Structure formats: C-alpha cells, structure tokens
Amino acid sequence: MALITKAVKGTQDVLPSQSYKNQFIESTVMNIASDFGFKEIRTPVFEHTELFSRSVGDTTDVVQKEMYTFNDKGGRSITLRPEGTAGAARAFLEHGLTNEPMPQKVSYVTSCYRYEKPQTGRLREFHQFGIECYGTDSPAADAEVIALGNEIFGFLGIEEIRLEINSIGCPECRKNYHAALKEYFTARADELCPTCQERLERNPMRILDCKSPICKEIADGAPVILDYLCDDCREHFDKVKSYLDAMLISYEVNPRIVRGLDYYTRTVFEFVSDSIGAQGTVCGGGRYDGLIEELGGGHVPALGFAMGLERLLLLLDAQGIELPEDKKCDIYIASIGEAASLKAASLALELRQSGVSAQFDVVGRSVKAQMKYADKIGASFTAVLGDDDLQANAVKVKNMESGETTELSLDEFTDSFMNMTLQLAASRLQDAASAGDDFDISSILGSLGNL
Ligand code: ATP
Ligand code: MG
C-alpha cells in the first residue's frame, strides 16, 4: 500500500465508531481524579532531550533505546515525551508551584512516544492517564494514589486485575543492595545481554527490568531489595500497607517489581491483568522523592502513576465490559422539496441549540433514502416534512421504537418535542415503578435518545 495511505508502524487511528470509548474513559478517569483533588495539567508534547535523560535516567531502556529524538532547525536536541512525569515536574518547577500550599496534585491524559517493537498493548504512539502528587512523603499519600488507580478499575467494573506493591528503598538502602546485585550478576556476567553488561557497572538494578529472556531468568534468582531496606524505608512501607488495609484495598507484595524508570524511590506498584497477554501491566507508578532535586529544585518528595489507556481498552474488551455509547441522533427531519428542506435546516438548528441531537438531509436524497439513513444512524424519532405540513404548520413525529406518531405544531416545535419526550420518559418510569420492577433510569432515558 502506498505510504501516504498507511499509518506509521506502531501508531493507530481511533475511528468515530470507537472513539466514544476513549471519550468515556478519558472523562471518567479525569473526573475520578478530580474527586481526589487532582486537577489537569497540560504540557508540551516535546521537551529538551536533557529533561528525560536526567529524570527517566540514561541507563534505562526508555532513554537508551526508545526515545524519538531529533534536532530542530535551531540545532536543539528535542524529544517527543516518552512519559508524562518529567514534563509535569519541569512545569511544576518552572512555574514556581513549589511555593503553593502542598500537596500539589495534577492529572493528565497525554500521548506518549516510544520506539518499541509494536505488538498487542505496545505501540509507538500510545496514551497515558497520569497523576502526580508533590510535596508529601507521608505513606498516606502513597495509599491515596494507589486508591485512585484502584477506584478507576472498580468504577469501570474490571474484576480481573491485581495490585502488586513493593518498596525499592532510598539511595541509602540501595548502596548495600547494589553491592549485593553486582556480586550476584558479576558471577554470570558473560550470559547477560550486552546492554545489561554495561548496566552492571553503572546501574545493576536496571538488569532486573530487562526484557531479554536470559537476563530475566538470571534476574529471577537475584537478591531482593526488600531484604535491604533501611529502618525508615521499612517503616514507610509498613504504613503504606496499613493504609491500604484500612481502605480494604487488597494487594500482593511482589519483591521483584523495580519499575523501568530511574526516578523511583520507596513505594512502587503495578496493576496487572492476566487477560490481555504479555503486556499485562495496565498501570504503574510509585514514589520519586529525588526527582525534583535532580531537576534543580529543592527537596520535594512526590509520587504518581501512569495508566496505559490502550491497555485499559484491551482489558475492558477482554472482560466484555461495554461502555455507554455515544449520544445517538434524537430526531431526524426528512424533507421533500426545497421549502421543506429550508424549514428542516432551521428546525434542526433550533433543536440543537436546546441540546437535542437533530439531523436533516444535507445530501439531497429521496425521502426513502433519507429514512434509510435515519434508521442507520439510529434516530430515536423521525419526521417527514413536505409542502402539506408547511401549509398545515404541523408535522407528524414518529417514535421509531414503538412506531407511534404524534402531531406537533411547527411553531415552537422544539418545546413541544421536548415536552413529548419528557412525558414519555415520565410514563415509562411510572409503569416501571408501579410494576415494582427494578428499573434503570439511564436506560429508559437512553432509549428515548438521551434527552
Ligand atoms: P512495560 O514494562 O510494559 O514496557 P513500562 O514499565 O515501560 O511498561 P511505564 O513507563 O511505567 O511502562 O508506563 C506506564 C504505563 O504506560 C504502562 O503500565 C503501560 O500501561 C503503558 N505503556 C508503556 N509503554 C507502552 C507502549 N509502548 N504502548 C502502550 N502502552 C504503554
Ligand atoms: Mg517499557
């Protein structure tokens, strides 16, 4: 296929028939975040390359292999964001949010770019929902951030997902741990992949996150960080667990989680599912108490997570969870002849101004073809407007579900149409209530075209 009609490898389009899912998910996660006090931050899609090599870490896979980096025409090295935390931290510092009352809590939905091998759940352009909380080292904040992720899965009705947590300690406890890791991996150094052989000297913990099967197998027998935590870090981790217990959030401690980015300290966690194949980590996050300092700011302990939205969609599909569909067409006004078409145009506009989703024929098709189209787009009501109706100043509106028709005056058409649908909704509710049924208001309103 010609290049111009083929999307770049690892990217994907979201077509109108599917985008309602993305819209629903994005608004859901941002609303839940807002209830937790996280407000949206928007940062640029590209940043100075240095920002990512500093924060994500230059021994990580992301920086070593996956970044989209280029020189712009001014000779600056620019990188498309591979994740959202670095840009948010940069903005936090640049705009002096350190002087605001703490904690500062931000959220975002952004596209991210990583040059990886495309496969299910792994794209080169993907989307993350992320949150960041600055200015607290309290374990209560860790638990709250985790609770927010947990709440999203719960709200969406996702059952098969587990929370795994770990603590990877502070630089202090890592000194001994690094030494132990180095000793362990040095013994099998010649079996490691070339990247990990380099990491052995500079950052042995990174080997634990390597995707190569051999390195993975060797890493399985490596010492675990939990055995090396200092007293403060151990106490911190214990308190995080107490808060999770108090919130009745179940978790497993997985001492093997280290996360792929260098900036993490202490608590790290992942929400993992077995129903979407090898790329099962839908959400990953943790604490990064040293990042703001690393970027030139003061000591601002912080934490956050990022959730992969494509993986979340895969998970919803895998579990057969349907999301509420987009608002369908409430009324389609078909027309015969030019005068009727003009009237249909003005009626449709007026209806939309009152929040009714209305459409009329903009193709110039026969009435039969117009009605076929109305059926296809799932119009809840239709009207066929002809010269006679204009003369009589009234038109029959047909309920496409029941087949019933009601004549409405063309004057104040919008008001009468809305009254009619409200009455219909009220009578259905009454029927449902008097029959003593368990009824679902949203489905009744939905069947009336989401008015
Ligand atoms: P993985 O181990 O799967 O490579 P990661 O540790 O690189 O993930 P993070 O950097 O923590 O992932 O990103 C957070 C989340 O973003 C992941 O849990 C995942 O849901 C999503 N994600 C990361 N990389 C991709 C990608 N290439 N395509 C789609 N989603 C991704
Ligand atoms: Mg990765």
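Source: prediction; values computed, not measured. (Residues numbered from 1 in each chain as written. Chains lettered and ligands numbered in written order. Predicted model: local features only at pLDDT ≥ 70, side-chain atom pairs only at ≥ 80, totals over all residues. Heavy atoms only, no water.)

The strands that make up a sheet are held in pairs by hydrogen bonds between backbone atoms, and each pair lies either parallel or antiparallel. With respect to topology, 3 strands assemble into an open sheet ordered E2-E4-E3, the strand pairing being antiparallel. Only two strands of the sheet have a single partner each, and these edge strands are strand E2 (46-48) and strand E3 (69-71). Within this sheet the neighbouring strands show an average axis-to-axis angle of 35 degrees, counted without direction. Pairing between E3 and strand E4 (residues 77-80): 3 bridges, direction antiparallel. Its bridge partner being in E4, Phe70 is matched across the sheet by Ile78. (Pairing = 2+ DSSP bridges. Helix = DSSP H or I, 4+ residues; strand = E, 2+ residues; numbered from the N terminus. Axes fitted to C-alpha atoms, helices over the stretch in contact; angles between N-to-C directions.)

With that settled, consider the sheet that holds strand E1 (residues 39-40). In space, the 8 strands of this open sheet follow the order E1-E5-E6-E11-E10-E9-E7-E8, with mixed pairing throughout. Because the sheet does not close on itself, it has two edges, and the strands there are E1 and strand E8 (252-253). Sheet strands in contact with helix H5 (residues 139-155) are strand E5 (104-113), strand E6 (125-134), strand E7 (162-167), strand E9 (265-272), strand E10 (281-287) and strand E11 (302-308), and its direction is about 15 degrees off that of E11. (Contact = heavy atoms within 4.5 Å.)

Let's shift gears to the packing of helix H12 (residues 338-353) against helix H15 (residues 413-434). In contact at an axis separation of 9 Å, H12 and H15 are set at 55 degrees when each is read in the N-to-C sense. Comparing their axes, H15 and H12 come out oblique. For the pair H12 and H15, the sense of crossing is right-handed. Taking contact as the criterion, the partners of Leu347, Glu350 and Leu351 in H12 are, on H15, Phe413, Thr414 and Phe417. Its residues placed into classes, the contact of H12 with H15 shows 4 nonpolar, 1 polar and 1 charged. (Parallel < 35°, antiparallel > 145°, perpendicular 65-115°, else oblique. Left-handed = near helix turned anticlockwise from the far one by under 90°. Nonpolar A, V, L, I, M, F, W, Y, C, P; charged D, E, K, R; others polar.)

Around ligand 1 lies a shell of 15 residues, among which Arg114, Glu116, Arg122, Leu123 and Arg259 are the nearest. Within the side chain of Arg114, one N or O atom sits 2.7 Å away from an oxygen atom of ligand 1. In this structure, an oxygen atom belonging to ligand 1 sits 3.1 Å away from a main-chain N or O atom of Val282. Within the complex, 93% of the 580 Å² of free accessible area of ligand 1 lies under protein. Contributions of two or more residues to the shell around ligand 1 are made by E6, E10 and E11. For the shell around ligand 1, the leading source of residues is E10, giving 3 residues. The class makeup of the residues in the shell around ligand 1 is 5 nonpolar, 4 polar and 6 charged. (Near = heavy atom within 4 Å. Polar contact = N/O pair within 3.5 Å; in protein donor to acceptor, adjacent residues only side chain to side chain. Areas by Shrake-Rupley, 256 points an atom, 1.4 Å probe, with all protein chains shown as cover.)

Scope: geometric values only; no functional claims are made or implied.
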